[in-house]
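Given next are the chains, with one letter for each unit.
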Amino acid sequence: VVVLVGPGAGTLRLPDEQRGVAVVSASPIDGPSSTLRPDGDAWLLRPLGVRLQPVGLVPDDLSAISELVNVEPAEGDACGYHGCGELDGDCTIYEVDEPDDSHHVVASPMSVPCARGWDIMVRLFGSIEAVDRVGNKAAFERSKTTELVAWLATHRDRSTRANARTALWEQDVRDATFANVVSEARRALARLLPPPEGEEWVGRTLTEALPLHSRVTTDAELLAGALAESRGQPPERAIALLRGPVEAIAGLPFEGTSYLWPDGEGLTSNLILTAISAAAELAARCLAVGDTEGVFEATARGLRVLPGHEELIGLRMRAHARAGDHAAVRQEWNSYERAVNADPWSDGEPSPKLVDLRKELLHPSV
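Attention in this report is confined to the structure presented alongside it. (Residues numbered from 1 in each chain as written. Predicted model: local features only at pLDDT ≥ 70, side-chain atom pairs only at ≥ 80, totals over all residues. Heavy atoms only, no water.)

### Considering the pattern of salt bridges
Then step 1. The tally for this structure, following the rule as stated, stands at 17 salt bridges.
Then step 2. With a closest N to O distance of 3.2 Å, Glu281 and Arg231 form a salt bridge. A residue pair is termed long-range when its members are at least 10 positions apart, and Glu281 in helix H8 (residues 267-288) and Arg231 in the loop between helix H5 (219-230) and helix H6 (235-247) qualify at 50 residues.
Then step 3. Judged by its relative accessible area of 16%, Glu281 is buried.
Then step 4. On the accessibility criterion, Arg231 (47% relative accessible area) is partly exposed.
Then step 5. Two residues, Arg318 and Glu360, come together in a salt bridge whose shortest N-O distance is 3.6 Å. With Arg318 in helix H10 (residues 310-322) and Glu360 in helix H12 (residues 352-362), this pair connects stretches of sequence that are 42 residues apart.
Then step 6. A residue is classified by how much of its surface remains accessible, and Arg318, at 37% relative accessible area, is partly exposed.
Then step 7. What you see here is one network of salt bridges that share partners, running through Arg123, Glu129 and Lys137. (Salt bridge = Lys/Arg side-chain N within 4 Å of Asp/Glu carboxyl O. Helix = DSSP H or I, 4+ residues; strand = E, 2+ residues; numbered from the N terminus. Buried < 20%, exposed > 50% of the residue type's maximum accessible area, 1.4 Å probe, protein only.)

Encoded structure:
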């Protein structure tokens with residue numbers, strides 16, 4: 001990682017224990033082991049001889065870096081490179097890609113999850129797919145490539161080559177096989193949607209890191225984000241936030257796959273809990289504003305993930321009763337009883353809360 005700051009940073013020294021980070025300043029640094037200077041249409045990192053292109057950061061990132069190096073932002077610092085313009089307190093951060101035969105590399109931004117938007121979404125509910133904003137799907141030739149993309153999207157905090165290989169293969173896999181899977185993931189996502197100039201959807205690094213670009217998200221992340229944002233919002237706003245992500249729930253997490261890592265890590269159960277919570281929240285908000293159709297649509301999505309869920313069934317029964325359709329309340333109850341009896345993990349006894357709700361809705365005087 002290279003952090004570039006303006007002359008306002010003054011003289012900087014790097015502690016010996018921070019050899020993994022190079023801070024390069026426009027003002028002199030006592031005893032620098034490396035320097036980053038303009039070199040034609042790029043920047044040259046010496047003594048490695050690595051040429052790279054600057055990548056700018058948003059203001060929040062700049063503030064964080066300023067705090068990290070403990071400097072005041074400089075006003076109007078010229079960076080001395082015609083392609084960079086005014087620093088104005090900017091810092092630039094790079095992640096160096098693997099060099100090719102010419103030893104030229106391209107800098108790509110560090111990949112961390114962000115809520116500013118997305119370009120590609122990995123669907124975890126139902127069939128595993130990578131789609132763009134208009135629904136076009138990435139074409140993966142290998143099933144392992146699809147699995148790798150799903151793993152990268154759900155393991156940003158420990159997304160390394162070693163961890164990926166351990167998770168996806170029960171036995172040790174050849175380096176060439178793993179490299180081919182990574183390359184196909186990179187190419188397939190780029191065919192679906194070209195990445196930002198000078199960047200890759202699956203980052204190239206000189207380390208063990210195998211980062212997925214921050215503008216690749218998952219339906220589960222969008223669902224969890226909408227659920228968190230809906231808390232404390234008025235019903236109309238909460239419904240607007242939740243409707244799209246809930247309607248995207250297409251089935252069980254990782255449906256139709258035989259991946260070993262989701263269940264072992266508790267990921268599948270966490271995704272189910274997120275889906276149920278979001279569906280129930282949306283249904284409750286719809287019920288509060290009298291949108292019975294919205295209740296049925298939201299609960300139907302949740303029941304795809306966990307059939308017979310008591311809270312969702314209860315919301316459906318209340319919606320039928322509010323519409324004055326007592327026959328539908330009975331039908332909903334009968335469907336719930338069949339689901340309970342068909343569940344091998346159930347004792348066959350219905351939920352006491354739903355029993356009480358049924359009496360309340362069908363026999364209010366009892």
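### Describing the sheet that holds strand S9 (residues 129-132)
Then step 1. Spatial ordering of the open sheet is given by S9-S8-S10, a layout of three strands whose pairing is mixed. Looking along the sheet, the strands with just one partner apiece sit at the ends: S9 and strand S10 (216-218). Looking at each pair of strands side by side, their axes are set apart by 30° on average, direction ignored.
Then step 2. Packed onto the sheet, helix H4 (residues 175-192) meets strand S8 (120-123) and S9 and runs at close to 35° relative to S9. (Pairing = 2+ DSSP bridges. Axes fitted to C-alpha atoms, helices over the stretch in contact; angles between N-to-C directions. Contact = heavy atoms within 4.5 Å.)

### A short note on the environment of Arg123
Then step 1. With respect to the helices and strands, the residue Arg123 is situated in strand S8.
Then step 2. By relative accessible area, which is 27% here, Arg123 ends up partly exposed.
Then step 3. Spatially, the C-alpha atoms of Arg123 and Ala153 are 9.8 Å apart, while their sequence positions differ by 30 residues.
Then step 4. When residues no more than four places from it in sequence are discounted, the contact partners of Arg123 are Ile128, Glu129, Val131, Lys137 and Asp219.

### Section: the packing of aromatic side chains
Then step 1. In the structure shown here, the tally under the stated rule is five aromatic pairs.
Then step 2. Look at Phe254 and Trp261: their rings are 5.4 Å apart centre to centre, the planes differ by 75°, and that puts the pair in the edge-to-face class.
Then step 3. With a relative accessible area of 4%, Trp261 lands in the buried category.
Then step 4. Arranged with centres 5.7 Å apart and planes meeting at 15°, the rings of Tyr259 and Trp261 form a pair that is stacked. (Phe/Tyr/Trp six-rings, centres within 6.5 Å; stacked < 30°, edge-to-face > 60°.)

### Structural notes on the pairing of S8
Then step 1. Here four bridges tie S8 to S9, and the two strands are oriented antiparallel to one another. Its bridge partner being in S9, Val122 is matched across the sheet by Ala130.
Then step 2. In textbook terms, the turn of a hairpin is the stretch between consecutive antiparallel strands, and for S8 and S9 this stretch comprises five residues, one of which, Gly126, has a positive phi near 85°.

### Digging into the side chain of Glu129
Then step 1. Counting through the fold element by element, Glu129 comes out in strand S9.
Then step 2. On the basis of relative accessible area, Glu129 is assigned to the buried category, the value being 19%.
Then step 3. In this structure, Glu129 is in contact with Met121, Val122, Arg123 and Lys137, ignoring residues within four places of it in sequence.

### Details of the packing of helix H2 (residues 143-154) against H4
Helix-helix packing is described using two parameters, namely the angle between the two axes and the distance between the axes.
Then step 1. Across the interface, H2 lies against H4 with an axial gap of 9 Å and an inter-helix angle of 75°. Relative to H4, the element H2 is oriented roughly perpendicular. Facing H2, whose interface residues are Lys144, Thr145, Leu148 and Val149, H4 presents Val181, Val182, Glu184 and Ala185.
Then step 2. In terms of residue class, the contact of H2 with H4 is built from five nonpolar, one polar and two charged. (Parallel < 35°, antiparallel > 145°, perpendicular 65-115°, else oblique. Nonpolar A, V, L, I, M, F, W, Y, C, P; charged D, E, K, R; others polar.)

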